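Summary of the model geometry
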Amino acid sequence: MHAKKEEIRPLEPREAEGSPALSRRKFLGGMAATVAAGTVGLEALATAAPEAAAAPAPRAPQGGSAKARARRERAFQIRYEAALEHLNKPYQEHRSNGDEDRYPSRIGNYSKGLPHNAFGEVDETAYESFLAATRSGTWDDFLNVQTSGGRKLTSPQAGLAFDLQGVDAHDLAVRPAPALRSAEAAGEAVELYWMALLRDVNFLDYGSSALAEEAVADLNRLRVFKGAREGGQVTAQSLFRDPLPGTLNGPYISQFMWKPTPYGAEYVERRMLTYFPGSDHLTSYDDWLESQNGFGSFFVFHDPERRYIRNGRDLSEWVHNDVLFQAYFNACLILSTPLDPFSPPTGGGIGAPFNPGYPYRGIPNQTGFATFGEPWEKTILCEVATRALKATWFQKWFVHRRLRPEAYAGRVHNQIEHDRYPGVLHRDVLNSKAVEKVHSKNGTYLMPMAFPEGSPTHPSYTAGHATVAGACVTVLKALFDENYIIPTPVMPTPDGLALQPYQGPPLTVGGELNKLASNIATGRNIAGVHWRSDANESMKLGEAIAISILKDQRTCYNERFNGLTFTKFDGTKVTI
């Protein structure tokens, strides 16, 4: 394949602080001209001011008892008041990091699955077809996006879907992703290279690992790094952790990822299929380029022995094949199932008490079921999960379009090997010991990927796994007492074949739930498919979605209660 000659233009940003703001109103206003005749509502929705809205008169059918009519009118009023509350909230400004305008070659943006040249830079015409679809939002324009290879773009229209409960997906904003040339992006990339190098080192061994010690020293040299610290420094205990309440306590992995799970009359052991050590992918340039163009193999041999999660390799594979809300459903089952005196000391439920604000707590003659009970607990996790995905898919496809770490690593490789992007990439990544170690091992500066296919076929920022994690863990913190100490905590044996009792400082439900969200979100980073800022900002996005849904649902319940209070990811308290 011959490289297409392309000039790298000057690096002065065309718009230093990011691209123009995109609002739901502006987006729908642009779409209105493309709506087929007979479709109603889009233009009015796009242009109507909130203050112009007036309460419509209910138009119920004739007949029915007075009680039936009153019930229907009350249901209408609840729906209307909830909709009006959302309508009158200030509009959110959605700003990208400006890379799409800054670099005409689109080297700072997602383009996997589209055709690329020999440097992994996207074909200009193909990218314009992609942008045309995101601007218009029409079915036909999405059908006309020019892709290559066998992999399809993943659900690009999901970000345009509406939900009728909770905040609209377009009414939540996140900060711009770190720009391609920023010190923050470089710091995140250095961490990802170290995560790849340490995939086969057990988390419990970081304190005695010479390689982990090198990673700690390298991360502490970075100009910008937003990972967890102890006493202002990255340490073996804080390595690859998130700065959330409770996440620095105890083992890296949450108890909810290890403890066996009561599943009705069944009992689920948590040993999992994982890969053999050293199973890294896309380390050769040809494989990497093939993957950017939408080709590549998905096949790999698993370790035939199932094991408990011990290291980054295991965690990467867990988040490779998990069901959307699996981790949180497991946690809910563990939390809500009473302690079983007949189960092993390391297994069974923990019988966590409900949140102190739970309406049936201390009530002698009633208990929850369809509301505030076990069926309700489980199904609400599904509700917030699917809504979280729609919100994060809007950010991915219609605001940020951030490149994946594997594509960034291609820029690193081509800069070091060919001086392709002078002045673009921050020196912290170009001078990192981790990048040099990867080159010594593989002969390229490409980031070793845990998955044979590399990253998914959708943009990096925000992250689906992390947004769902934030939403589902928020629901669990609203349901259960976050201060409850987990009885019989566990940890795996070094070979991952068994569990043994954990001896150490107490672990709380709230801390281990925060750790659970972090494990799932950061597990995708360890696999090489997401960035630290993807995980951190997305957990907060999911949290906001869950809070808005819980607030809307509260108006629908008959139970009397003073609200559910819990701790947010930033350490502040909220009451719903």
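Structure first, text after, so check above.
Attention in this report is confined to the structure presented alongside it.

1. As for the overall build of the chain
Counting its secondary structure elements, the chain contains 18 helices and eight strands. Counting across all 576 residues of the chain, residues that qualify as buried make up 57%. Sequence-distant contacts in the chain: of pairs separated by 6 or more residues, those separated by 24 or more amount to 78%. With the model as given, the accessible surface of the chain reaches about 24,700 Å², and the carbon-plus-sulfur share is 54%.

2. Description of the environment of lysine 259
Its location among the elements puts lysine 259 in the loop between helix H8 (210-220) and strand S1 (261-263). The spacing of lysine 259 and tyrosine 308 is 49 residues in sequence and 9.6 Å in space, taken between C-alpha atoms. Separated by 2.9 Å, the side chain of lysine 259 and the backbone oxygen of threonine 488 make a polar contact.

3. Describing the side chain of threonine 474
Looking at the secondary structure, you find threonine 474 in helix H16 (residues 464-479). Relative accessible area serves as the criterion here: at 0%, threonine 474 is assigned to the buried category. If sequence neighbours within four positions are ignored, threonine 474 has contacts with Glu543, Ala546, Ile547, Phe566 and Phe569.

4. Things to note about helix H15 (residues 433-442)
Among the residues of H15, those classed as buried are Ala434, Val435 and Val438. The buried residues of H15 occupy an angular sector of 100° when the element is viewed end-on, so they sit on one face. Two or three places before alanine 434, at the start of H15, stands the capping residue serine 432, its side-chain oxygen 3.0 Å from that residue's backbone nitrogen. One or two steps after H15, the chain reaches glycine 443, where phi turns positive at roughly 85°.

5. Some points on the packing of aromatic side chains
On inspection of all chains with the given rule, the structure shows 21 aromatic pairs. Taking 6.3 Å as the distance between ring centres and 80° as the angle between the ring planes, the aromatic pair formed by phenylalanine 142 and phenylalanine 398 counts as edge-to-face. Residue phenylalanine 142 is found in helix H6 (residues 139-143), and its partner phenylalanine 398 is found in helix H12 (residues 374-400); the two are separated by 256 residues along the sequence. By relative accessible area, which is 12% here, phenylalanine 142 ends up buried. Taking 4.2 Å as the distance between ring centres and 10° as the angle between the ring planes, the aromatic pair formed by phenylalanine 203 and tyrosine 252 counts as stacked. Linking phenylalanine 203 in the loop between helix H7 (183-197) and H8 with tyrosine 252 in the loop between H8 and S1, this pair joins segments that are 49 residues apart in sequence. The two residues phenylalanine 203 and tyrosine 252 agree in class, both being buried. Through a chain of ring-to-ring contacts, the aromatic side chains of Phe354, Tyr358, Tyr360, Phe372, Trp376, Phe480, Tyr557 and Phe561 assemble into a single cluster.

6. Quick word on the packing of H7 against H15
For the pair H7 and H15, the least separation of the axes is 8 Å and the interaxial angle reads 45°. The orientation of H7 with respect to H15, classified from their angle, is oblique. Between H7 and H15 lies a crossing whose hand is left-handed. Of the residues in H15, those in contact with Val190, Tyr193, Trp194 and Leu197 of H7 are Lys433, Ala434, Val435, Lys437 and Val438. Counted by class, the contact of H7 with H15 contains seven nonpolar, no polar and two charged residues.

7. Section: the packing of helix H10 (residues 312-321) against helix H17 (residues 509-526)
Helix-helix packing is characterised by the crossing angle of the two axes and by the distance between the axes. At a closest axis distance of 8 Å, the pairing of H10 and H17 adopts a crossing angle of 110°. In this view, H10 runs roughly perpendicular relative to H17, as classed from their interaxial angle. Taken together, the residues of H17 that come into contact with H10 (itself represented by Gly312, Leu315, Ser316, Trp318, Val319 and His320) are Asn519, Ile520, Gly523, Arg524 and Ile526. When the residues that make up the contact of H10 with H17 are grouped by side-chain class, the tally is five nonpolar, five polar and one charged.

8. What to know about the nonpolar core
Residues Leu239, Tyr328, Tyr408 and Val429 are the most contacted members of the largest nonpolar core, which totals 115 residues. When residues in this core are grouped by element, the largest group, ten residues, is from H16. Once you skip the residues sitting within four places of it in the chain, tyrosine 408 turns out to touch Leu180, Ala185, Ala186, Ala189, Leu403, Leu425, Val429 and Trp531. Ala133, Phe142, Leu153 and Ala158 belong to the second largest nonpolar core, which has 18 residues in total.

9. Details of H16
Along its 16 residues, H16 runs 23 Å from first to last C-alpha, staying within 8% of the 22 Å computed at 1.5 Å per residue. Counting buried positions along H16 yields 15 of 16 residues, so the element is predominantly enclosed.

10. Overview of a nonpolar patch on the surface
On the surface, a cluster of nonpolar side chains totalling about 370 Å² of accessible area is made up of Phe276, Phe299 and Phe301. Along the chain, the position of phenylalanine 299 falls in the loop between helix H9 (285-292) and strand S4 (302-307).

11. Focus: the pattern of salt bridges
The full count for this structure, using the stated rule, is 31 salt bridges. A salt bridge links lysine 540 to glutamate 537, with the nearest nitrogen and oxygen atoms 3.3 Å apart. Of this pair, lysine 540 and glutamate 537 are both found in helix H18 (residues 532-554), three residues apart, which corresponds to roughly one turn of the helix. What makes lysine 540 partly exposed here is its relative accessible area of 41%. For glutamate 537, a relative accessible area of 11% puts it in the buried group.

12. Thoughts on the side chain of serine 96
The topology assignment puts serine 96 in the loop between helix H3 (66-87) and helix H4 (99-102). Only 3.2 Å separates the side chain of serine 96 from the backbone nitrogen of glycine 98, close enough to count as a polar contact.

13. Remarks on the environment of alanine 132
Following the sequence through the fold, alanine 132 ends up in helix H5 (residues 124-136). We classify alanine 132 as partly exposed; its relative accessible area is 32%. Separated by 13 residues in the primary sequence, alanine 132 and valine 145 place their C-alpha atoms 8.3 Å from one another.

Cut-offs used in this document
- Residues numbered from 1 in each chain as written.
- Predicted model: local features only at pLDDT ≥ 70, side-chain atom pairs only at ≥ 80, totals over all residues.
- Heavy atoms only, no water.
- Helix = DSSP H or I, 4+ residues; strand = E, 2+ residues; numbered from the N terminus.
- Buried < 20%, exposed > 50% of the residue type's maximum accessible area, 1.4 Å probe, protein only.
- Contact = heavy atoms within 4.5 Å.
- Areas by Shrake-Rupley, 256 points an atom, 1.4 Å probe, with all protein chains shown as cover.
- Polar contact = N/O pair within 3.5 Å; in protein donor to acceptor, adjacent residues only side chain to side chain.
- Arc of directions from axis to C-beta.
- Phe/Tyr/Trp six-rings, centres within 6.5 Å; stacked < 30°, edge-to-face > 60°.
- Axes fitted to C-alpha atoms, helices over the stretch in contact; angles between N-to-C directions.
- Parallel < 35°, antiparallel > 145°, perpendicular 65-115°, else oblique.
- Left-handed = near helix turned anticlockwise from the far one by under 90°.
- Nonpolar A, V, L, I, M, F, W, Y, C, P; charged D, E, K, R; others polar.
- Core = buried A, V, L, I, M, F, W, Y, C linked by side-chain atoms within 4.5 Å.
- Expected span 1.5 Å × (residues − 1).
- Patch = residues over 30% accessible without salt bridge, like charges linked within 9 Å, V, L, I, M, F, W, Y side chains within 5 Å.
- Salt bridge = Lys/Arg side-chain N within 4 Å of Asp/Glu carboxyl O.

Interpretation note: all reported values are geometric properties and have no functional meaning in isolation.
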